[in-house]
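Remarks on the overall topology
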Amino acid sequence: MNAGAAPVKPVTAAVQENDAKAAEKLTRKLEKIRTISAKFKQESIGSDGRIREESGSMQIKRPGKFRWNTASPFEQEVVAIDKKIWMVDRDLHQVIIQVQDDRMSNTPAQLLSGDAKEFLKDYRIGLYQDDKQERFALTPDGNSDLFEKLDIVFRNGLLNSIELRDSLGGRRRVELSDVNFNGMISDSDFRVEIPKGYDVLDQTASTEQ
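The shown structure was predicted, so the numbers you read here are calculated from the model rather than taken from an experiment.

In this section: the overall build of the protein. The helix and strand tally for the protein stands at 3 helices and 14 strands. Within the protein, buried positions represent 43% of all 209 residues. Across the protein, the fraction of contacts at a sequence separation of at least 24, relative to all contacts at a separation of at least 6, is 53%. Accessible surface for the protein amounts to roughly 11800 Å². Of this, 46% is attributable to carbon and sulfur atoms.

The next thing to look at is the nonpolar core. In this structure, Leu26, Ile36, Leu138, Ile152 and Leu159 are the most contacted members of the largest nonpolar core, which totals 36 residues. If you tally residues by element for this core, the top one is strand β13 (residues 171-181), at 4 residues. Here Leu26 is in contact with Leu120, Ile125, Phe136, Leu138, Ile152 and Phe154, once residues within four sequence places are set aside. Val88, Val95, Ile185 and Tyr198 belong to the second largest nonpolar core, which has 10 residues in total.

Turning to the confidence of the model for the protein, a few remarks are in order. Any segment with low pLDDT has predicted coordinates that should not be analysed in fine detail. Mean pLDDT over the protein stands at 85; residues scoring 70 or higher make up 85%. Of all helices and strands in the protein, the one with the weakest mean pLDDT is strand β1 (residues 2-3) (46), whereas strand β4 (residues 51-61) scores best (96). Confidence drops under a pLDDT of 50 for residues 1-16, and excluding neighbours within four residues, the segment shows 43 contacts in the predicted structure.

Parameters and conventions
- Residues numbered from 1 in each chain as written.
- Predicted model: local features only at pLDDT ≥ 70, side-chain atom pairs only at ≥ 80, totals over all residues.
- Heavy atoms only, no water.
- Helix = DSSP H or I, 4+ residues; strand = E, 2+ residues; numbered from the N terminus.
- Buried < 20%, exposed > 50% of the residue type's maximum accessible area, 1.4 Å probe, protein only.
- Contact = heavy atoms within 4.5 Å.
- Areas by Shrake-Rupley, 256 points an atom, 1.4 Å probe, with all protein chains shown as cover.
- Core = buried A, V, L, I, M, F, W, Y, C linked by side-chain atoms within 4.5 Å.
- pLDDT = per-residue confidence, 0-100.

Following this line, the structure appears as C-alpha cells:
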C-alpha cells in the first residue's frame, strides 16, 4: 500500500477531546502497521526559534526495530535492533551504542516501532477530524520529560505526519512521503556494519554485566 504526503491543513472540527473510543481507535490504527518504509522530511524549531531541517529515509518493523537514515544536511544512521540503539555519525567517524529504553519514546521511530497500547495508556487522547484528515492529540496524564503534546495525523486513512512539542517550547514535525505500509522487511535490514577506522563507544557494556 503506497501513499504520498500532502500538506496538513488545520483541523477545526473537534469530535472527541478525551474519550476512550479515541484511544481505542488510535491503538487499532497503529497496531495494524507492522512495517513502514518511507522518505521523511523533519523540521525542528528550538526554544530559541532556530529552525533546523532534515531529510532522509526510514524503515520500521514491529516489535522494536527501526532504521532512520538522515541524508541532509548531514549523514547519520540511527538503528534499533536487539534492544540497542546504534548511532552512526559519518562526519565524526563514530558509532555510539545505547540501551533502547522508554527515555527514547519521544522519537517518531521509537513510537511507531514500540507497543502502541502500552505507550498510549499514559496519555489523554483527543480526536479532531474532517472528511480527509484525523488528528490524534496526545497529552501526558502527569508530568513528562518526553513531550508536552504529540499529534499523530492520518490523511485519507493513512499515516501522514507526527508533530511533537516539548516543555521548553521546542517543536518537531515529521512528514512522510513514498510510504509503503506492511511490505516485506527483513531483520537483516537492521544490522549495522561499522566502517573500518570508526571509534565505537558502547554504553551498554556496563548494563550487561
